Amino acid sequence: MSIKVYGIKNCNTMKKTFDFLAEKGVQYDFIDYKKQKPDAALLEGFLEKTDLSSLVNKKGTTYRKMSDEQKSALENEETAIPILEENSSMIKRPVIIYKDGSLSLGFDAEVIEGHLK
């Protein structure tokens, strides 16, 4: 299994990630949320390896535009998963799944490199 990188192609953080992986000569499969919406099974798999508050991108405009009621729904896995399925831009980017099954969120060169060893 090669590593899998999940995100949105035109995101600046994703572009940094792609450049970094290319610089390191790392082969990866990219799954673009705009072409392949995340489903509940995928999100539940992420949540087996990280917590919900880390997975939700609270810095983006989609989150900031939400009502307080919607934001509070993102604090519970049961209500958050359907929201994230429909609003994939609210998922922290990138989500990287490594060969050993571990996961990292966001672009952090040191963290990514540590997982590649």
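My aim in this report is to walk through the structure given alongside it, one point at a time. (Residues numbered from 1 in each chain as written. Predicted model: local features only at pLDDT ≥ 70, side-chain atom pairs only at ≥ 80, totals over all residues. Heavy atoms only, no water.)

## So, the side chain of N57
1) Next: Its location among the elements puts N57 in the loop between α3 (52–55) and α4 (61–64).
2) Next: A polar side-chain atom of N57 sits 3.5 Å from the main-chain amide nitrogen of G60.
3) Next: For N57, the residues in contact, after removing those within four places along its chain, are Y63, S89, M90, I91, K92 and R93. (Helix = DSSP H or I, 4+ residues; strand = E, 2+ residues; numbered from the N terminus. Polar contact = N/O pair within 3.5 Å; in protein donor to acceptor, adjacent residues only side chain to side chain. Contact = heavy atoms within 4.5 Å.)

## Overview of the packing of aromatic side chains
1) Next: This model, assessed by the stated rule, comprises five aromatic pairs.
2) Next: Judged by centre distance (6.4 Å) and plane angle (25°), the ring pair of Y6 and Y33 falls under stacked. On the criterion of sequence distance, the pair formed by Y6 in strand β1 (residues 3–7) and Y33 in the loop between β2 (28–32) and α2 (40–47) is long-range, its members being 27 residues apart.
3) Next: Taking 5.9 Å as the distance between ring centres and 10° as the angle between the ring planes, the aromatic pair formed by F18 and Y28 counts as stacked. Highlighted residues: F18 in helix α1 (residues 12–23) and Y28 in strand β2, separated in sequence by 10 residues.
4) Next: On the basis of relative accessible area, F18 is assigned to the buried category, the value being 15%. (Phe/Tyr/Trp six-rings, centres within 6.5 Å; stacked < 30°, edge-to-face > 60°. Buried < 20%, exposed > 50% of the residue type's maximum accessible area, 1.4 Å probe, protein only.)

## Regarding the sheet that holds strand β4 (residues 103–105)
1) Next: What the four strands build is an open sheet, ordered β2-β1-β3-β4; its pairing is mixed. Pairing within the sheet leaves two strands with one partner each, and these edge strands are β2 and β4. Across this sheet, the average inter-strand angle for adjacent strands is 20°, counted without regard to direction.
2) Next: In this sheet, β4 lies alongside strand β3 (residues 95–97) in antiparallel orientation, the contact comprising three bridges. Residue pairing for β4: V95 is matched across the bridge by L105. (Pairing = 2+ DSSP bridges. Axes fitted to C-alpha atoms, helices over the stretch in contact; angles between N-to-C directions.)

## Description of the nonpolar core
1) Next: In terms of nonpolar packing, the biggest core is built from 23 residues, with F46, L74, L84, M90 and V95 touching the most fellow members.
2) Next: Of the residues forming this core, the biggest block, four residues, is contributed by helix α6 (residues 77–86).
3) Next: With residues up to four places along the chain from it excluded, the contact list for L84 reads P38, L43, L52, L55, V56, L74, M90 and I91. (Core = buried A, V, L, I, M, F, W, Y, C linked by side-chain atoms within 4.5 Å.)

## A word on α2
1) Next: For α2, the complete set of buried residues consists of L43, F46 and L47. Viewed end-on, α2 has its buried residues packed into an arc of 100°, placing them on one side of the element.
2) Next: In the core, the buried residues of α2 are packed alongside β1, α3, α6, β3 and β4. (Arc of directions from axis to C-beta.)

## Description of a negative patch on the surface
1) Next: A contiguous patch of negative charge, built from D39, E44, E48 and E77, is present on the exposed surface.
2) Next: Position of E44 relative to the elements: it lies in helix α2.
3) Next: On the basis of relative accessibility, which here comes to 42%, the residue E44 falls in the partly exposed class. (Patch = residues over 30% accessible without salt bridge, like charges linked within 9 Å, V, L, I, M, F, W, Y side chains within 5 Å. Areas by Shrake-Rupley, 256 points an atom, 1.4 Å probe, with all protein chains shown as cover. Salt bridge = Lys/Arg side-chain N within 4 Å of Asp/Glu carboxyl O. Lys, Arg positive; Asp, Glu negative; His and termini not counted. Charge placed at Lys NZ, Arg CZ, Asp CG, Glu CD.)

Everything listed is a geometric property; what it means functionally is a separate question.
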